[in-house]
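Each chain, written out:
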Amino acid sequence: MDKILVHGGRRLRGTVKISGSKNSALPILAATLLTREPCTISRVPDLSDIHYMLTILSELGCEVERASGTVQIRAGKILTHAPYEIVRKMRASVCILGPLLGREHDATVSLPGGCVIGDRPIDLHLRGFEALGAVVRVSGGNVKVLADRLRGARISLRSKFGSTVLGTGNVMMAAVLADGVTTIDGAAEEPEVVDLARFLISMGAKIEGAGTRTITIEGVKELHGAEHEVIPDRIEAGTFLVAAAISGDGVTLSRVEPRHLEAVSAPLREAGFEITSHSSSMTLQPGSQRRPLKLDTVPYPGFPTDMQAQMCALLATTDGISVVTEHVFPNRFMHVAELKRMGANIELQNATAVIQGVPRLGGAPVMASDLRASAALVLAGLQADGTTEINRVYHIDRGYESIDEKLNELGASIERVKA
Ligand code: EPZ
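Everything in this summary refers to the structure shown in the same document. (Residues numbered from 1 in each chain as written. Predicted model: local features only at pLDDT ≥ 70, side-chain atom pairs only at ≥ 80, totals over all residues. Heavy atoms only, no water.)

1. Things to note about the sheet that holds strand S3 (residues 39–42)
Step number 1: Pairing is mixed across the open sheet formed by 4 strands, whose spatial order is S4-S5-S3-S13. Strand pairing shows two members of the sheet lacking a second neighbour, strand S4 (63–67) and strand S13 (227–229), which therefore form its edges. Averaged over all pairs of adjacent strands, the angle between strand axes in this sheet comes to 15°, irrespective of strand direction.
Step number 2: Pairing analysis gives 3 bridges linking S3 to S13, with the strands arranged parallel. The residue of S13 that forms the bridge with Thr40 is Glu227.
Step number 3: Together, S4 and strand S5 (70–74) form the strand contacts of helix H2 (residues 48–59), whose direction differs from that of S4 by roughly 150°.
Step number 4: Set on the sheet, helix H7 (residues 191–202) makes contact with S3 and S13; between it and S13 the angle comes to about 160°. (Pairing = 2+ DSSP bridges. Helix = DSSP H or I, 4+ residues; strand = E, 2+ residues; numbered from the N terminus. Axes fitted to C-alpha atoms, helices over the stretch in contact; angles between N-to-C directions. Contact = heavy atoms within 4.5 Å.)

Have a look at this one:
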């Protein structure tokens, strides 16, 4: 397994180009199953999670062609059962259930395993499918969803954690070809849900309210092929903003959507950094004084759980006491033990991390665990004395397109060592 060596103490400056959004591209690629006509999706990031999704679509019978960031997919005659081996590797493959159910009224996927950030239930997805008239059967580690016909319904996706991003997308994709009108209450408002809705609408779907808590879908007879450019990755962008805060002397992000990052820019400004935004770029400059923060992760438009680990890396060397609480994935603190190996002073109290800032971190061998925790360790290494060795780098490659190369172009000193 590859590992990454981060030689700390280098300052970052310059401009970094942000890639297309992983969490938008995954459901949009799945949505191409809803039509027999070809679809062209551009600005698809080159990530292992995307590779897994394209492999699943190919195994289902789709014609898939990829040329750098553009993917052509034609779902002519397709199977309705995704192979366990691939699905096991990527939980987000659950989002093929909705389009397969919507088009074929039959879908089987192996139950997504839990992962280090928590057990990842799909009860809300399945409740949505049942409301549309489907029968759900769980057996042998597979979930099978069948329907004679799909009828529009009123569905609530509210949960004690807020809503479900992939669940909202899955139910939307199952409803676009149903008979009648579906209303989703408690829908996720994330920009990735809006991007998926825009793609479905370009295929001929009738959807209103995406980006709000209530989405209305009027079923149509069939959908046609379409072209779509994926939105910028707001979490990659947020990760680079934090890198710029940790070790930068003026870093600009290009090809971003500043509106999607307001819940990340606000705490960074509160922490003492200066951020200026233009239509598709953002620049972060160090401020005169750094301040500790109290952060709570909540569904969009609040502060995103996917940025929590990265902010802990910044707050680890911010003088004073910061308090970070997870309301979406209460166990999502795998990065804390590793940051403490680097000298951070963090105490976990249930779903809250209490961080006493220390002057410096020290490089150490650390273990990547999940996608965002791994990115946080790279960021921590930027500011640490000495070298930080990050093992199990495949976690990072799932969600970041060449993060080491992009950081090196800004002035970092990061080596990727083939194991
Ligand atoms: C999406 O996952 C993202 N993944 C996650 O990003 C992100 O952390 C998450 O949304 C929250 O923003 C993709 O889009 C591929 P949820 P998703 O369903 O949709 C509970 C990354 O780092 N829940 O919104 O799977 C769930 O346990 C990844 O890029 C149920 O209880 O997350 C969690 O506590 C990690 N029942 C909360 O809701 C359900 O049926 C939010 O989960 C579904 C979810």
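2. So, the sheet that holds strand S6 (residues 106–110)
Step number 1: Here we have 3 strands laid out as an open sheet, ordered S6-S8-S7, and antiparallel in their pairing. Two strands close off the open sheet at either side, each with one partner strand: S6 and strand S7 (135–139). Going across the sheet, the axis of each strand differs from the next one's by a mean of 15°, ignoring polarity.
Step number 2: With 5 bridges joining them, S7 and strand S8 (residues 142–146) adopt antiparallel strand pairing. From the neighbouring strand, Arg137 faces S8, where its bridge partner is Lys144.
Step number 3: The sheet strands contacting helix H4 (residues 97–104) are S6 and S8, and the helix crosses S6 at an angle near 160°.

3. Observations regarding helix H1 (residues 22–31)
Step number 1: Of all 10 residues making up H1, 9 are buried, and the element is well covered by its neighbours.
Step number 2: Every buried residue of H1 is listed here: Lys22, Ser24, Ala25, Leu26, Pro27, Ile28, Leu29, Ala30 and Ala31.
Step number 3: A side-chain oxygen of the first residue of H1 lies 3.3 Å from the backbone nitrogen of Asn23; this N-cap is Ser21. (Buried < 20%, exposed > 50% of the residue type's maximum accessible area, 1.4 Å probe, protein only. Polar contact = N/O pair within 3.5 Å; in protein donor to acceptor, adjacent residues only side chain to side chain.)

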